[in-house]
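Residues per chain are reported as follows:
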Amino acid sequence: MPEPFEEALRVCTAVRDLCGGAEGCGESFQRRVEDFPGLVSAAGLVPALAFYLSKVEDYGVLRDFYSLFSSGSLPRDARREKMLEDLREEGLGYASALAAILAYAARQAPAGCSLKLDGDAARGVAEFLDCIRRGGGELVVLATLEPFVVELGKLARALLGR
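The paragraphs below set out a description of the structure included in this document. Keep in mind it's a predicted model, so treat the numbers as computed, not measured.

Tallying secondary structure elements over the protein chain gives eight helices and zero strands in all. Written out in order from the N terminus, the α and β elements of the protein chain read α-α-α-α-α-α-α-α. Seen along its three principal axes, the alpha-carbon backbone of the protein chain occupies a region of about 45 × 30 × 30 Å. Across the 162 residues in the protein chain, those meeting the buried criterion constitute 49%.

Encoded structure:
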C-alpha cells in the first residue's frame, strides 16, 4: 500500500497532467478535497461520501476519474473533455474528488466490501458505503483515509492552486 503522501502526489500529478497547465483547471478539485475533512468531522465518513455522491452530475465522469486514479488509464478524448469540465467549472469537482477518495478507500475496505462502478455507478458507491458501515469498517477506513485526504488537500493547493 502506498504511503498517503505518495498516493496524494500521484493523484495530484494526474490531475495536473490532465489539465495540461490550463489556467484555473483543478481549482474545483482542490476546493472539494480541502473541504472534505471538515465535512467528515461534522457528519461522519459515510454521510460525507454520500453528500459528494449526491453532487456528482455525470457518473461517467466519476468512473473515468476512478479509472485514472486506480489504474492510471485515461479515457478517449471525448470523455477527457467531460473530465476537464469537472476540474474547471465552479461548483463542480465532486466527481474528481470523490473518485480520488474512493480509489484510496476501496483499498482500505474490509474484506467483502468492494466498489463496483460498472453499470449503475451511484448504486455501486451506495452499496460500498453501506457495506463499510454495516461491516464496522467505517472507523478502519477513516483512520487510513484521513492522512491521505489531508496530504491530498495540501498537495492540491501546492500543485493546482493559484
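Still more ground to cover, so stick around.
In the contact formed by helix α2 (residues 27-43) and helix α5 (residues 77-88), the axes pass within 5 Å of each other and the chain directions differ by 60°. As far as their axial angle goes, α5 and α2 are oblique. Side by side, α2 and α5 meet where E27, S28 and F29 of the first sit next to D86, L87 and R88 of the second. Its residues assigned to classes, the contact of α2 with α5 comprises two nonpolar, one polar and three charged.

Taken as a whole and judged by the stated rule, the model has seven aromatic pairs. Judged by centre distance (6.4 Å) and plane angle (40°), the rings of F29 and F69 are tilted. Residue F29 is located in helix α2, and its partner F69 is located in helix α4 (residues 59-71); the two are separated by 40 residues in the primary sequence. With a relative accessible area of 1%, F69 lands in the buried category. Joined through ring pairs, the aromatic side chains of F36, F51, Y52 and Y94 make up one cluster.

Moving on to the nonpolar core. One recurring pattern in soluble globular proteins: nonpolar side chains tend to sit buried together. One finds F29, F36, F65, F69, L87 and L152 to be the most contacted residues of the largest nonpolar core, which totals 57 residues. Put simply, the parts of the chain that give this core at least two residues each are α1 (4-19), α2, α3 (45-55), α4, α5, α6 (94-108), α7 (121-134) and α8 (138-160). With 11 residues, α6 is the largest single contributor of residues to this core. In this structure, F69 is in contact with E7, R10, V11, A14, V15, S96, A99, A100, A103 and R107, ignoring residues within four places of it in sequence.

The next subject is the packing of α4 against α5. Taken N-terminus to C-terminus, the directions of α4 and α5 make an angle of 95°; their axes are 10 Å apart at the nearest point. In terms of their interaxial angle, α4 and α5 are classed as roughly perpendicular. Contacts between α4 and α5 pair G60, V61, D64, F65 and L68 from the former with R79, K82, M83, D86 and L87 from the latter. Looking at the contact of α4 with α5, its residues break down into five nonpolar, one polar and four charged.

Parameters and conventions
- Residues numbered from 1 in each chain as written.
- Predicted model: local features only at pLDDT ≥ 70, side-chain atom pairs only at ≥ 80, totals over all residues.
- Heavy atoms only, no water.
- Helix = DSSP H or I, 4+ residues; strand = E, 2+ residues; numbered from the N terminus.
- Buried < 20%, exposed > 50% of the residue type's maximum accessible area, 1.4 Å probe, protein only.
- Axes fitted to C-alpha atoms, helices over the stretch in contact; angles between N-to-C directions.
- Parallel < 35°, antiparallel > 145°, perpendicular 65-115°, else oblique.
- Contact = heavy atoms within 4.5 Å.
- Nonpolar A, V, L, I, M, F, W, Y, C, P; charged D, E, K, R; others polar.
- Phe/Tyr/Trp six-rings, centres within 6.5 Å; stacked < 30°, edge-to-face > 60°.
- Core = buried A, V, L, I, M, F, W, Y, C linked by side-chain atoms within 4.5 Å.

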